[in-house]
Amino acid sequence: MIPLLVVLGVLGVSASGPLIAGTLAGTSVTALAIAFWRNAIASLVMAAPVAVRSPGQFRRLTRRDLLWSSLAGVALAFHFVCFIVSLTLTSVAASTALVCLQSGWIAVFSVLRGRKLPVPVLAGLGLAFLGVVAITGLDLGSSHEAALGDLLAVAGGILAGLYTMAGGKARQTMGTGTYTALCYGVCAALVAVMALATGERLTGFEPAGWAGILAITAAAQLVGHTAFNHLVATLSPLVVSMFILLEIPGAALLAAVFLGEVLPGGTYAGLGLILAGLAVVVSGQRRTRREPRIAPELGAD
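Quick caveat: nothing in here was measured; it's all calculated off a predicted structure.

Engineer: Can you explain the overall build of the protein? Please cite residues and give values.
Structural biologist: Along the backbone of the protein there are 14 helices and 0 strands. Each helix and strand of the protein, placed in order from N terminus to C terminus, yields the pattern α-α-α-α-α-α-α-α-α-α-α-α-α-α. Oriented by its inertia axes, the alpha-carbon framework of the protein measures out at about 60 × 50 × 35 Å. Across the 301 residues of the protein, 53% fall into the buried class.

This is the structure:
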């Protein structure tokens, strides 16, 4: 089941960047509209089965459940804003690569919380980040506009790390449907407030724009994000975020095919390095769990 969810998750999030960039460029849809509708629709879709089959789950939510789900939703809202706006300023490959570096930020947050990183984890992260460099070629900030887009993508990656870690906490006591319905709902509500504050419209788009929003919601939100939200209950946030690194070559390939962007020369070598880094991190964490004297699994309590 886990391998299938990983594949679905990677395919879903890989489609996110190209779909968003294409929708923003070819229609009148706004960045906040994409962030709002993908979360509002997904929240309703995920809440409906829970409400029908087990409505008591929502009544049994604790303060802890509400706290971590809300924190995840807030982080997700600002992540989407940073990521979507960055796609209008820099390339899909560069934006996706920087946003997907959330595994590095999760490692940094773990160190700040006083955790010692096992050597295999450090080695795996290093290999994966070399893969990112191979794909992007460090071709970032080629203009002032692109530099701003890159900076927003970095912020989006930090927020994605916080979202994944908060989600890991929430999923310790919550089912996937309950958590995602609440998290996506909080995210949609916050984005709606941002839209009202900035005067950015959320409706009135042409059919092609709505088609883009629905495609983004189905692929990236319902399949991609929800698959990883399910996995974060059984895998550590670090391992989940390492899988998300596969979005980088995936998005680059899709952008080359559908948007005509030039495929980075190191895409295939980068993919190999990311996979090798992922294997080293997973192996290192399994070894850590078998050794009781070593700190607990990175990113999980």
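Engineer: Please provide a residue-by-residue account of empty space enclosed by the protein, values included.
Structural biologist: If a probe as big as a water molecule is rolled over the atoms, it shows which places are left empty. Per the counting criterion, the structure on display carries 2 cavities of 30 Å³ or more. Residue lining of the largest cavity: 22 residues in total, with Val-13, Gln-102, Tyr-163, His-225 and Ile-244 positioned closest to the centre. Those elements that place two or more of their residues in the lining of the largest cavity are helix H5 (63–87), helix H9 (144–170), helix H11 (207–231) and helix H12 (237–244). Element by element, the count of residues in the lining of the largest cavity is highest for H9, at 5 residues. Across the lining of the largest cavity, the residue classes break down as 12 nonpolar, 8 polar and 2 charged.

Engineer: Explain the packing of aromatic side chains to me, using residue names and the numbers behind them.
Structural biologist: Here the structure, examined in full by the defined rule, presents 3 aromatic pairs. Aromatic side chains Phe-36 and Trp-37 sit 4.9 Å apart centroid to centroid with 75 degrees between the ring planes, which places their arrangement in the edge-to-face category. Accessibility expressed as a relative area gives 16% for Phe-36, which makes it buried. Overall, the relative accessible area of 22% leaves Trp-37 in the partly exposed class. Geometrically, the ring pair formed by Phe-205 and Trp-210 is tilted, given 5.5 Å between the ring centres and 55 degrees between the ring planes. Through a chain of ring-to-ring contacts, three or more aromatic side chains come together here, namely Phe-36, Trp-37, Phe-205 and Trp-210.

Engineer: Would you mind going over the nonpolar core in detail, with residue names and values included?
Structural biologist: Nonpolar side chains in soluble globular proteins tend to end up buried together. In this structure, Ile-20, Ile-34, Ile-84 and Tyr-163 are the most contacted members of the largest nonpolar core, which totals 47 residues. Only helix H2 (16–26), helix H3 (31–53), H5, helix H6 (92–99), H9, helix H10 (176–198), H11 and helix H13 (247–258) provide two or more residues apiece to this core. When sequence neighbours within four positions are dropped, the list of residues in contact with Ile-20 reads Ile-34, Arg-38, Phe-83, Ile-84, Leu-87 and Ile-216. The next biggest cluster of nonpolar side chains, apart from the first, holds 33 residues, and it includes Ala-128, Met-165, Val-240 and Phe-243.

Engineer: An account of the environment of Leu-273 is requested, with residue identities and associated values reported.
Structural biologist: Mapped onto the fold, Leu-273 is located in helix H14 (residues 267–290). Placed 201 residues apart in sequence, Leu-273 and Ala-72 show a C-alpha to C-alpha distance of 30 Å. When near neighbours in sequence (up to four residues on either side) are disregarded, Leu-273 contacts Leu-127, Ala-128, Leu-130 and Gly-131.

Engineer: So what's going on with H6? Residues and values would help.
Structural biologist: Within H6, 8 of the 8 residues are buried, which leaves it mostly tucked inside the rest of the structure. Within the span of H6, buried status applies to Val-92, Ala-93, Ala-94, Ser-95, Thr-96, Ala-97, Leu-98 and Val-99.

Engineer: So, the confidence of the model for the protein: which residues are in play, and what are the values?
Structural biologist: The predicted model of the protein has a mean per-residue pLDDT of 86, with 92% of residues at 70 or higher. Looking at the elements of the protein, mean pLDDT is at its lowest for H14, recorded as 75, and at its highest for H10, recorded as 96. Taken together, the stretch residues 292–301 has pLDDT below 50 and engages in 23 contacts with residues farther than four places along the chain or on a different chain.

Engineer: Describe the packing of H5 against H10, naming the residues involved and giving the relevant values.
Structural biologist: When two helices pack together, their arrangement is given by the angle between their axes and by how far apart the axes lie. Between H5 and H10, whose axes approach to 8 Å, the crossing angle comes to 50 degrees. As far as their axial angle goes, H10 and H5 are oblique. Pair H5 / H10 crosses with right-handed handedness. Contacts from Asp-65, Leu-66, Ser-69, Ser-70, Ala-72, Gly-73, Val-74, Leu-76, Ala-77, Phe-78, Phe-80 and Val-81 of H5 reach H10 at Tyr-179, Leu-182, Cys-183, Tyr-184, Val-186, Cys-187, Leu-190, Val-191 and Met-194.

Engineer: Lay out the environment of Val-232 with the relevant residues and their values.
Structural biologist: Along the polypeptide, Val-232 turns up in the loop between H11 and H12. Dropping the residues within four chain positions of it, Val-232 is found in contact with Thr-164, Gly-167, Gly-168, Arg-171, Pro-237 and Val-240.

Engineer: Explain a nonpolar patch on the surface residue by residue, including any values.
Structural biologist: A cluster of nonpolar side chains, namely Met-1, Leu-4, Leu-8 and Val-223, defines an oily patch on the protein surface of about 390 Å² accessible area. Assignment of secondary structure puts Leu-4 in helix H1 (residues 2–14).

The rules behind each value
- Residues numbered from 1 in each chain as written.
- Predicted model: local features only at pLDDT ≥ 70, side-chain atom pairs only at ≥ 80, totals over all residues.
- Heavy atoms only, no water.
- Helix = DSSP H or I, 4+ residues; strand = E, 2+ residues; numbered from the N terminus.
- Buried < 20%, exposed > 50% of the residue type's maximum accessible area, 1.4 Å probe, protein only.
- 1 Å grid on protein atoms, 1.4 Å probe; cavity = no way out; pocket = protein on both sides within 12 Å on 5 of 7 lines; lining within 4 Å.
- Points joined across faces, edges and corners; volume = space filled by probe spheres on them.
- Nonpolar A, V, L, I, M, F, W, Y, C, P; charged D, E, K, R; others polar.
- Phe/Tyr/Trp six-rings, centres within 6.5 Å; stacked < 30°, edge-to-face > 60°.
- Core = buried A, V, L, I, M, F, W, Y, C linked by side-chain atoms within 4.5 Å.
- Contact = heavy atoms within 4.5 Å.
- pLDDT = per-residue confidence, 0-100.
- Axes fitted to C-alpha atoms, helices over the stretch in contact; angles between N-to-C directions.
- Parallel < 35°, antiparallel > 145°, perpendicular 65-115°, else oblique.
- Left-handed = near helix turned anticlockwise from the far one by under 90°.
- Patch = residues over 30% accessible without salt bridge, like charges linked within 9 Å, V, L, I, M, F, W, Y side chains within 5 Å.
- Areas by Shrake-Rupley, 256 points an atom, 1.4 Å probe, with all protein chains shown as cover.
- Salt bridge = Lys/Arg side-chain N within 4 Å of Asp/Glu carboxyl O.

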